[in-house]
Amino acid sequence: MSSAVAPLPHSVAPVADAPPALTCHVHKFGGTSLADAACIAALAALVPADARVRPVVVSAMSGTTNALVALADAALALDDWKPAWDALRQRHLATADAFEHEVDGALHRALEDEFAALAHDLQGLHEDVTDRDARLARIHGCGEQLSSRLAQAALGPGWQRLDAREVLVVEHGEMGAVVDWDASRARLASWRLANGARDVVITGFVARDGNGRDTTLGRNGSDYSAAIFANLFDAQALTIWTDVDGVLSADPRLVPDAVCLQAMSYAEACELAYFGASVLHPQTLAPVQARGIPVRIRNSRNPSAAGTTIAPAAAAAASPVKGLSLVRDVAVLELVGNGLVGVPGTAERMFAALHAAGVSVTMISQGSSEHSICCVVQASQVERGRAAIVAAFADAIAQGQAQGVTVTGELCVLAAVGDGMVGTQGVAARLFAGLAQAHVNIRAIAQGAGERNISVAIAQADATRALRAAHAAFWLSPQTVSVGVIGPGNVGRALLAQLAEVVPALRERAGVDLRLRAIASSRRMHLDDAPLDPAHAAAMLDATAQACDLDAFAAHVRASHLPHALIVDCSASDAVAAKYPEWLAAGIHVVTPNKHAGSGMWARYAAIREAQRAGGGRFLYEATVGAGLPVIQTLRGLLDTGDTLHGIDGMLSGTLAWLFNRYDGRQPFSDLVREARALGYTEPDPRDDLSGLDVARKLVILAREAGRTLSLEDVAVESLVPEALREVSLDTFLDRLHELDAPMQARLDAARADGHALRHLARLQGDGRASVGVVALPAEHPCCHTRLTDNLVQFRTARYADNPLVVQGPGAGPEVTAAGVFADVLTIAHALGKQAGLPFLRHDGRSAHALDSAT
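Residues numbered from 1 in each chain as written. Predicted model: local features only at pLDDT ≥ 70, side-chain atom pairs only at ≥ 80, totals over all residues. Heavy atoms only, no water.

1. Details of the confidence of the model for the protein chain
- Mean pLDDT over the protein chain stands at 89; residues scoring 70 or higher make up 93%.
- Counting interchain partners and residues more than four positions distant, the pLDDT-below-50 stretch residues 837-855 has 37 contacts. (pLDDT = per-residue confidence, 0-100. Contact = heavy atoms within 4.5 Å.)

Shown next, in the form of structure tokens:
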């Protein structure tokens, strides 16, 4: 994004012997830029020698205006204001010590004079009530008198000081302070002729009216002062120094991902200022806009930042929306009635009544049916507004032509603003989709024909969530996902290692922005608003003392400022699986290798599927069956394309596949079990593998994926552990492991007599029967031709009847299982990107992204 005007200089120090580039460059420093002596001393470095005339407009020191208002309130209430007055005096005198070491010097004397005048005005608030408004204006504006003297001293010799009241003439009306340009310009010309000043410090905020009475420009009026003097001086540039890097896309206190805008147009800035953006006062831009003067917002505490340039026009940007803002504490007034349809003057009568009652309207919305008309007003004015409308339509209400006026309170207005919205398709759709994703209901909608602003009224309780969701819809990748990982065991740690290696490249190459923000074990959890480094996440979890709370974990992952949330459950916990329906119903996606959800109680499985439909969360579990093999994906593809399943044969345990691929009778079966345990192929207790229950769970998952209402108790499971050894200790079992040898040898001999081989097989038949156990298979069966630890699944379908479809490969191990989990995560992320739709299209058919790259 770039400005339509030449950028202003970024340097903070004068360039030796360089001729001034501009005739006049006005600088304005806000209260936070004048917070203390150090800040004031830095002014000289922030005002470059880039112009022949350098007016500097100053606000009061930070907190001073509030202190002065409090002093005036205390004086009016006849309270003792002198201690607070003296504290403010001591603060300014102490600041002056940094620029003038002699306490009786000119600077200190000038400050003492200002405080003496302030005390006189405070004392006089009750003595001369006819001049009270002017006295209050002098009291409220005293801070600028004080800061201007400090700034003049800090900027050094050659700088003069102008009290704006000497030249600036304004009148107050319904629209605020209105400048008398002719009188003000003439007075400034006279002042410059008499003083010949090129470098001048000017008081902001203060002015006089046409009768010479002191007044102010209202709260935040120093920005307005700066814009007025930029106009009066015929400046080529105005820089407003504040404590932020520029105009942000949203309030950073509410939206952590808010970005600093490089450039925006006057129109965009005016819209955002009206809707509460805090950087500029709504009136500020009118004086500079009249002369096309560019305004730069910069950070006095970070002068190396380029800031934001506000100019007549700004170049096209990737996002059509430039900024988002909130107006809080509003209410909707709605006039409803069948008798309003087609009646001329209805709107005029309603808004005339509100005007007469002094009620300001923030937003208007009316349907084309004319059955109702509503407007948004400040909550503090809603009862006055309701009464005014009821009075104006009393006759229509009495005659039944209008049903009355309803009030909906506790609302706020969210405004999306941008020149790029003009003529661009899909902006409203993106905004409304983002709000829907965040479960935010819209009460009223307004958009002007200029298409530069879309405003929606929403519940105030939804304000932050709505702002974050809307911001994510326009500024973040649609594939930005808040991620939480549960279970940093072997698979979990392997997944974290893969994330650490791949995520940066995914973000750069494919726009997939996976943000790991939470990690948990069965006992503790670590939550962070900033993305965690996956490479160090497990260590951070080990170092935390926060107890695991799955509800708090899920609430953190479901961050309202990020568009999507995903929990990866790498545990083997049934308690964690029990949370899936709740998470999915809340729109949190779930990826897992945990078999409990897919093979557990049917009621919970049904609840998971219903939660998916209700909440929109996706549930992927490819790694529950074949680790990294695309077993479920293949089955789903067959069924979704209309194929009919006739049966499934599967070697679904890498451990049992290794045992039966090795078992040829030359080595006792018990020796192979001990060897597999030593190699880490079995669980610590080999009975967990030999029981066949893990394989049965995988078969149940596949059967349910195929539409069968199968549960674990419906599977005929053959345990390879003799009944006498099932309840003994592990040591006893290992000592008696040889008891498996004779029965297994007999089965092997019988199979070989028929030319068959033994394999451990899970089988789902066409009639729904399911079994798990050792089976003798003919030599040509695919399961007889696998690598040692391969998993294999054979699908017999209507299309693959004579030559079944086979999926084969490594089906165990942390790395391949983690890869299967990661693949599911990416499947969801890519689907979210497709769901977000195409780039914004303008009426001319070009995308906003294409326009951005063209500039």
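So that's the structure; there's more coming.
2. With respect to the pattern of salt bridges
- This model, assessed by the stated rule, comprises 42 salt bridges.
- As a salt-bridge pair, Asp86 and Arg89 come within 2.9 Å of each other at their nearest N and O atoms. Remark: Arg89 and Asp86 occur in helix H4 (residues 82-96); sequence separation between them is 3 residues, near one turn of the helix.
- Judged by relative accessible area, which is 17%, Arg89 ranks as buried.
- Between Asp214 and Arg165 there is a salt bridge whose closest N-O contact spans 3.9 Å. With Asp214 in strand E8 (residues 214-216) and Arg165 in the loop between strand E3 (160-162) and strand E4 (170-173), the pair connects residues that are 49 residues apart, well separated along the chain. The residues Asp214 and Arg165 share a single accessibility class, namely buried.
- Shared partners join several salt bridges into a network, and the residues in it are Asp121, Asp131, Arg135, Arg138, Asp163, Arg165, Arg208, Arg213 and Asp214. (Salt bridge = Lys/Arg side-chain N within 4 Å of Asp/Glu carboxyl O. Helix = DSSP H or I, 4+ residues; strand = E, 2+ residues; numbered from the N terminus. Buried < 20%, exposed > 50% of the residue type's maximum accessible area, 1.4 Å probe, protein only.)

3. What about the sheet that holds strand E25 (residues 619-620)?
- Judged by pairing direction, the sheet is mixed, and its 6 strands sit side by side in the order E22-E21-E20-E23-E24-E25 without closing on themselves. One side of each edge strand has no neighbouring strand; the edge strands of this open sheet are strand E22 (525-527) and E25.
- Strand direction decides the pairing type here: strand E23 (residues 564-569) and strand E24 (residues 589-591), joined by 3 bridges, are parallel. In the sheet register, Leu566 faces E24, and the bridge partner there is His589.
- Here helix H17 (residues 490-510) sits on the sheet and contacts strand E20 (480-486), strand E21 (513-520) and E23; the angle it forms with E21, its principal contact strand, is near 155°. (Pairing = 2+ DSSP bridges. Axes fitted to C-alpha atoms, helices over the stretch in contact; angles between N-to-C directions.)

4. Topic: the sheet that holds strand E31 (residues 805-810)
- Across the sheet, which stays open at both edges, the 6 strands sit in the order E27-E29-E28-E26-E30-E31 with mixed pairing between neighbours. Since the sheet does not close on itself, it has two edges, and those belong to strand E27 (715-717) and E31, each with one partner. Strand-to-strand twist in this sheet, taken as the mean axis angle between neighbours without regard to direction, amounts to 30°.
- The sheet contacts of helix H25 (residues 631-640) involve strand E26 (645-651), strand E30 (790-797) and E31, and relative to E30 the element is tilted by about 10°.

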